Amino acid sequence: MPDTPPRQAPQSAADTATPVTLPLPFPTASGFAELGPQFFTRLHPTPLPSPYLVSVAPAAAALLGWDASVGSQPDFIDTFIGNQVPDWADPLATVYSGHQFGVWAGQLGDGRAIRLAQAQTDTGPWEIQLKGAGLTPYSRMADGRAVLRSSIREYLCSEAMAALGVPTTRALSIMGSDAPVRRETIETAAVVTRLSPTFIRFGHFEHFAAHDDVAALRKLADFVIDNFMPACRDDSQPYQALLREVSLRTADLIAHWQAVGFCHGVMNTDNMSILGLTIDYGPFGFLDAFDANHICNHSDTQGRYAYSQQPQVAFWNLHCLAQALLPLWLPPEQTDQEGARDAAVEAARAALDPFRERYAAAFFRHYRAKLGLRPPAGGDDKADEPLLTSLFQLLHGQRVDYTLFWRKLCGISSTDASRDAPVRDLFLDRAAFDAWVADYRVRLRAEQSHDAVRELEMLAVNPKYVLRNHLAETAIRRAREDKDFSEVDRLLAVLSRPFDEQPEAEHYAALPPDWAAGLEVSCSS
Ligand code: AMP
Ligand code: MG
């Protein structure tokens, strides 16, 4: 529970100016607010001076029934920077806790995010949240703000991941302000409007477990089940079914991350969505040259969240969630009874266990699709392991560009090695590639793979365009130095069709330039 008194930020234009007219074309529901005040603090965003529109994402706007022109509606900027609170809003910040870098961090919470409302749309419920909207009772020592740099990264990547088909929170818009924000240097403020069916994290459960508040824990679990996972209710043990469902969704999510070469960078339990969505884009990165142990977060000195570690870390985080949920099937008065405790722990383990199998199945499914292969006879995934293991060794040893490799592999012939050049030229050690591709061809021919059909199928799962760090960096530099946001919009448009050939955007698919090697992305946001 938050013991900090609710902090009422000054209410801006809403107090004084004409009523807000920007309509939400759908009704709102109380959503998270129905849980009660123990779970959040009602407060208004803190206004920012001279706000301006940076970008609106058409695909995210469509989720709320708007087209991209909504950005030019009179109240849009003031509403989505938090300077006026529309009549459909019920703004609040939620409390959660969590494990950060493997250590219990205690209470955290929405330190700079404020939920405006939950819209009930044709595309489902969407919580509308402003990130960077000012101080909340959970801001701790920080300033409640987000800078333009990290906001552009979160905005672009949310929409890029959605277009890649990876489960994710969405981003509707970015607003900027010239208000200075201190990070390593002085930067300026921005607010990203995020959309998600819910922003509930593992950490919300950990919070109430840490306070031994089983009633609140149950309320939260019931809320998630009733709103998002109703099938769990039919299980004889709904809360164990919830844990199993979250384990399965998380397994699917991480397998998808690995397949697209996405590193999250800060997989703390407070950054793990209960719905299995990618959430809280900070020091993330897509693999350029393949390094299985790539660490995208400069602040992660131990490599806890390295690319290769993501599946294990997700499983570790699920154990934290299991620990938090345990009181729901082990009443506190029984915790000292060895037999009851063992049985409850066993039940938790049984709910977590399917993670491994599901992850492996999703992993092989993704990589088989990337290779254009049919499932092996008898459905035994293990049969694909040698081909994949040798490929990863090859890519790692040669530091081959991950995205380019897969895209160029789509055009390979199952019979004609003379057409290998586009992909073969990515390797310094051509002989090593030749050895691997010979095995791959054997497999293709064994299943009588049809080159033209396979190529089309592979092009639909191996993206041409991903948000490489240097692409985001170019957009950020123009935005910061010249207030020129056209590159943000251009990138957004390219990344919203990641599998399509876009001849005018060929350079966005190229190898990173030399200067990109010096880019460092840290937790500072
Ligand atoms: P993150 O590492 O971004 O997931 O944030 C971890 C915790 O710190 C969350 O509770 C955030 O809300 C909070 N936080 C991060 N940056 C700020 C900030 N500038 N102001 C207030 N809270 C913040
Ligand atoms: Mg976070």
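Residues numbered from 1 in each chain as written. Chains lettered and ligands numbered in written order. Predicted model: local features only at pLDDT ≥ 70, side-chain atom pairs only at ≥ 80, totals over all residues. Heavy atoms only, no water.

Draft legend 1. Focus on the overall build of the protein chain. The helix and strand inventory of the protein chain stands at 17 helices and 13 strands. At 24 Å, the protein chain has a C-alpha radius of gyration in line with the 24 Å of a compact globule built from 525 residues. In terms of principal-axis extent, the alpha carbons of the protein chain reach across some 70 × 65 × 45 Å. Contacts in the protein chain between residues far apart in sequence, at least 24 positions, make up 73% of those at least 6 positions apart. As displayed, the protein chain offers around 20,800 Å² of accessible surface, 53% of which is attributable to carbon and sulfur atoms. Of the charged side chains in the protein chain, 47 are positive and 65 negative; the average position of the first set lies 3 Å away from that of the second. (Helix = DSSP H or I, 4+ residues; strand = E, 2+ residues; numbered from the N terminus. Rg over C-alpha atoms; globule rule 2.2 N^0.38 Å. Contact = heavy atoms within 4.5 Å. Areas by Shrake-Rupley, 256 points an atom, 1.4 Å probe, with all protein chains shown as cover. Lys, Arg positive; Asp, Glu negative; His and termini not counted. Charge placed at Lys NZ, Arg CZ, Asp CG, Glu CD.)

Draft legend 2. Quick look at the coordination of the magnesium ion (ligand 2). Protein coordination at the magnesium ion (ligand 2) comes from Asn271 (OD1) and Asp280 (OD), with a distance range of 2.0 to 2.1 Å. Comparing Asn271 with Asp280 shows no difference in burial state: the two are buried. (Donors = N, O, S within 2.8 Å, 3.2 Å for Na, K, Ca; no water. Buried < 20%, exposed > 50% of the residue type's maximum accessible area, 1.4 Å probe, protein only.)

Draft legend 3. Broad picture of the side chain of Asp110. The topology assignment puts Asp110 in the loop between strand E6 (103-107) and strand E7 (113-121). Within the buried core, Asp110 has no salt-bridge partner, and the shortest N-O distance to an opposite charge, that of Arg201, equals 4.6 Å. Among the polar contacts listed, one links the side chain of Asp110 to the backbone nitrogen of Thr94, at a separation of 2.6 Å. Excluding residues that lie within four positions of it along the chain, Asp110 makes contacts with Ala93, Thr94, Tyr96, Gln129, Thr136 and Tyr138. (Salt bridge = Lys/Arg side-chain N within 4 Å of Asp/Glu carboxyl O. Polar contact = N/O pair within 3.5 Å; in protein donor to acceptor, adjacent residues only side chain to side chain.)

Draft legend 4. Representation of the pairing of strand E8 (residues 124-131) within the structure. Counted residue by residue, E8 has six buried out of eight residues, so it is predominantly covered. One ladder, built from eight bridges, connects E7 with E8; its direction is antiparallel. Bridge assignment links Ala113 to a residue of E8, and that residue is Lys131. Counting the residues that bridge the hairpin from E7 to E8 gives two residues. The sheet contact formed by E8 and strand E11 (residues 186-196) spans five bridges and is antiparallel. Each bridged residue has a counterpart across the sheet, and for Gln129 the counterpart in E11 is Arg194. (Pairing = 2+ DSSP bridges.)

Draft legend 5. A look at the nonpolar core. Ranked by size, the top nonpolar core spans 165 residues in total, and within it Phe80, Phe205, Phe405, Trp436 and Tyr440 carry the most contacts. With twelve residues, the top contributor of residues to this core is helix H7 (residues 238-260). (Core = buried A, V, L, I, M, F, W, Y, C linked by side-chain atoms within 4.5 Å.)

Draft legend 6. Seen up close, the packing of helix H8 (residues 310-325) against helix H9 (residues 338-352). Axis separation between H8 and H9 bottoms out at 10 Å; the angle between their running directions is 140°. Taken as axis vectors, H8 and H9 run oblique relative to one another. Along this stretch, H8 crosses H9, giving a crossing that reads as right-handed. Contacts between H8 and H9 involve Phe315, Leu318, His319, Ala322 and Gln323 from the first element and Arg341, Ala348 and Leu352 from the second. Its residues assigned to classes, the contact of H8 with H9 comprises five nonpolar, two polar and one charged. (Axes fitted to C-alpha atoms, helices over the stretch in contact; angles between N-to-C directions. Parallel < 35°, antiparallel > 145°, perpendicular 65-115°, else oblique. Left-handed = near helix turned anticlockwise from the far one by under 90°. Nonpolar A, V, L, I, M, F, W, Y, C, P; charged D, E, K, R; others polar.)

Draft legend 7. Main features of the site of ligand 1. Ligand 1 sits among 17 residues. The nearest are Gly109, Gly111, Arg140, Gly144 and Asn271. Between Arg145 and ligand 1, the recorded distance is 3.1 Å, taken from a backbone N or O atom to a nitrogen atom. Asn271 places a side-chain nitrogen or oxygen 2.9 Å from an oxygen atom of ligand 1. Its free accessible area being 480 Å², ligand 1 has 81% of it covered by the protein chains. (Near = heavy atom within 4 Å.)

Draft legend 8. Here's a closer look at the packing of helix H10 (residues 354-371) against helix H12 (residues 402-409). Taken N-terminus to C-terminus, the directions of H10 and H12 make an angle of 55°; their axes are 9 Å apart at the nearest point. Overall, the two elements H10 and H12 adopt an arrangement that is oblique. Across the interface between the two elements, Tyr367, Lys370 and Leu371 from H10 touch Tyr402, Trp406 and Leu409 from H12. Among the residues forming the contact of H10 with H12, the class breakdown is five nonpolar, no polar and one charged.

Draft legend 9. Here's a closer look at the environment of Ala57. Its place among the elements puts Ala57 in the loop between strand E3 (52-56) and helix H2 (58-63). Under the relative-accessibility criterion, Ala57 is labelled buried at 1%. It is 9.3 Å that separates the C-alpha atoms of Ala57 and Arg170, two residues lying 113 residues apart in sequence. Other than its neighbours up to four places away in sequence, Ala57 contacts Tyr155, Glu159, Ala171, Leu172 and Leu492.

Draft legend 10. Quick peek at the confidence of the model for the protein chain. Looking at the protein chain as a whole, the pLDDT averages 94, with 96% of positions reaching at least 70. Every residue in residues 1-20 scores below 50 in pLDDT, and together they form 42 contacts with partners more than four places removed in sequence or on other chains. (pLDDT = per-residue confidence, 0-100.)

Draft legend 11. Looking closely at helix H17 (residues 486-495). Looking only at H17, the buried set comprises Glu487, Val488, Leu491, Leu492, Val494 and Leu495. Seen along its axis, H17 keeps its buried residues to an arc of 165°; they face one direction. Residues of H17 that are buried sit in contact with E3, H2, helix H4 (148-164) and helix H16 (469-482). (Arc of directions from axis to C-beta.)

Draft legend 12. Representation of H12. Where burial is concerned, most of H12 is hidden: seven out of the eight residues are buried. Among the residues making up H12, those that are buried are Tyr402, Thr403, Leu404, Phe405, Trp406, Arg407 and Leu409. Where H12 starts, the residue carrying a side-chain oxygen 3.4 Å from the main-chain nitrogen of Thr403 turns out to be Asp401.

Draft legend 13. Just the side chain of Thr121, in detail. Relative to the helices and strands, Thr121 resides in strand E7. Within the structure, the side chain of Thr121 is placed 2.7 Å from the side chain of Thr123, a separation counted as a polar contact. Not counting the four nearest positions on each side in its chain, Thr121 is found in contact with Phe26, Leu63, Leu64 and Trp126.

Draft legend 14. Broad picture of the pattern of salt bridges. A complete count under the given rule lists 37 salt bridges for this structure. For the salt bridge of Glu159 with Arg170, the shortest nitrogen-to-oxygen distance reads 2.8 Å. Here Glu159 is found in helix H4, whereas its partner Arg170 is found in strand E10 (residues 170-182), with eleven residues between them in sequence. Note on accessibility: Glu159 and Arg170 belong to one class, buried. Residue Glu187 is joined to Arg480 by a salt bridge in which the shortest nitrogen-to-oxygen separation is 3.6 Å. One end of the pair, Glu187, is in strand E11; the other, Arg480, is in helix H16, and 293 residues separate them in sequence. With relative accessibility at 7%, the residue Glu187 sits in the buried group. Given the relative accessible area of 40%, Arg480 is considered partly exposed. Among the charged side chains, a network of salt bridges with common partners joins Lys131, Glu154, Arg194, Arg201 and Asp280.

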